[in-house]
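Working through the structure, step by step
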Amino acid sequence: MMSNIRDVASLAGVSPATVSRILNNDPTYKTTPETRQNVLRAVAELDYKPLVKRRKKDISAADTHRLSIGCVMVSTKGKYSDPYFLSILSGIEQELEKHGGHVTSIYTTQELLNESTMNGLLSAKLDGLVLMCQVEEKLFELLHAHFPHIVGVDTGYVPIDSVEYDHALVSRMAVEYLYKKGHRQIGFIGGGLWGSSLELSRRFRSYRETMRDLGLEIRPEWVIDCGWDDKTCMKLVGRIVRSSRMPTAFYAASDLMAMAALRALYMAGVRVPQDVAVMGMSNIEMSQYANPPLTTINVPTVEMGIAVAKALMGRIHGDTTLPKHILLPSALVERDSV
């Protein structure tokens, strides 16, 4: 049975009118990013296809086709519950709607390991594809062969447009900020790509380089490779607390991991920031409501999504210029965890 707008409203916890105004990008309607993300998540989960009501005289053969866009992402929190990717997706949807397009399918890299799921993606009639993560070279070549119009988020692939933030800069900003606050013993929390070595992480390499530039010691026991899993993060932070050899500050290369660290420290009776400071990276919506509110580096995720959609629409409509590398700025957000 096909889902309707009431099903979407019920799942998102809003009214049908709110769903309608968000999906139609009503410029007079003001809502929070969290509400918008809840609606978009419900739309994706229910595979809801909104009807576009238009007068017959306004419809032409070329105009009846709504552009269908697919997304591939990596997420340890679940396809529709990772706030970082949902915020980017919100920006993509917001811009696509202006051009008569919408995201019709979302896959994780884990799902594409299944042959039938992969075949489903390759046989989908998509006008374009967004890679919201780096993928292995063979997979990229396969996808590029099937979908000529691809734009990446933090991918860095030469043959396609890529929109990203400066991974090295955000880590340098974080470590230098902690240093200016008087911290000389700074730990790191993060992970590598696809479960790979932490050495492949640009954020970790920048942390290590900045620590060395500042003449600070990097203690292996204070470097936490949690594989971007919050439960693993809490376990490893707890282990450091029990060792009684804590750093004075942690830099977590993701707000979700920073919030997991805050939880572990709270459960262990460690005060933040009095006993240890915690700094995040990304500035997801919920970071301002952490206890204490999280100091972090803002990554303009919605704007990244908008830039991705603009680049993709340009390619679909005939842009044949050389691939673009679009780098968006980041900024320090000071709160109470440092």
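Preceding block: the structure.
Presented here is a report on the structure given in the accompanying data block. Since we're looking at a predicted model, the values are computed, not measured. (Residues numbered from 1 in each chain as written. Predicted model: local features only at pLDDT ≥ 70, side-chain atom pairs only at ≥ 80, totals over all residues. Heavy atoms only, no water.)

Some points on the sheet that holds strand 9 (residues 277-279)
Selection rule: When DSSP locates at least two bridges between a pair of strands, those strands are taken to pair. Runs of H or I in DSSP of at least four residues are treated as helices and runs of E of at least two as strands, each being numbered from the N terminus. Interaxial angle, 0 to 180 degrees, is taken between N-to-C directions of lines fitted to C-alpha atoms, where a helix line uses only the stretch in contact. We call two residues in contact whenever any of their non-hydrogen atoms come within 4.5 Å of each other.
Across the sheet, four strands lie side by side as 7-6-8-9; this open sheet has parallel pairing. Each end of this open sheet is capped by a strand with a single partner; those strands are strand 7 (223-225) and strand 9. Here the strands of the sheet are splayed against their neighbours by 15° on average, with no regard to which way each runs. With respect to the sheet, helix 8 (residues 202-213) is in contact with strand 6 (186-190), strand 7 and strand 8 (249-252), its orientation differing from that of strand 6 by roughly 170°. On the sheet, helix 9 (residues 230-243) packs against strand 6, strand 7 and strand 8 and is oriented at approximately 155° with respect to strand 7.

Regarding the packing of aromatic side chains
What counts here: Any two of the Phe, Tyr and Trp rings considered here, Trp counted by its six-membered ring, make a pair once their centres fall within 6.5 Å; the pair's planes then place it as stacked at under 30 degrees, edge-to-face at over 60, or tilted in between. Burial status follows relative accessibility: with a 1.4 Å probe on protein chains alone, a residue under 20% of its type maximum counts as buried, one over 50% as exposed, and anything between as partly exposed. By definition, being over a ring means that NZ of Lys or CZ of Arg is both within 6 Å of the ring centre and within 35 degrees of the ring normal.
Overall, the coordinates contain five aromatic pairs when judged by the stated rule. Plain terms: the ring middles of Phe188 and Tyr207 are 5.1 Å apart, the flat faces sit at 35° to each other, and that makes the pair tilted. Taken together, the residues Phe188 in strand 6 and Tyr207 in helix 8 connect sequence positions 19 residues apart. Assessed through its relative accessible area of 0%, Phe188 is described here as buried. Among the aromatic residues, those joined into a ring-pair cluster are Phe188, Phe204, Tyr207 and Tyr251. Over the ring of Tyr179 we find Arg184; its NZ or CZ atom is 3.7 Å from the centre of that ring.

A look at the pairing of strand 4 (residues 150-153)
Each regular strand displays side chains that alternate between the two surfaces of the sheet. Put simply, the rule is: Orienting the strands away from the viewer, one traces the path from the first strand over the helix to the second; a clockwise path indicates a right-handed crossover.
With burial as the criterion, each face of strand 4 is covered, one bearing Ile150 and Gly152 and the other bearing Val151 and Val153. Sheet analysis places strand 3 (residues 128-131) next to strand 4, joined by three bridges and oriented parallel. Across the sheet, Val130 pairs through a bridge with Val151, a residue of strand 4. The handedness of the strand 3 to strand 4 crossover, carried by helix 6 (residues 137-146), is right-handed. Bridge count for strand 4 against strand 5 (residues 161-165) is three bridges, and the pairing is parallel. Bridging from a neighbouring strand, Gly152 pairs with Ser162 of strand 5.

Some points on the side chain of Arg315
Counting through the fold element by element, Arg315 comes out in helix 11 (residues 301-316). The buried category is assigned to Arg315, whose relative accessible area is 12%. Dropping the residues within four chain positions of it, Arg315 is found in contact with His149, Asp161, Thr320, Thr321, Leu322, Pro323 and Lys324.

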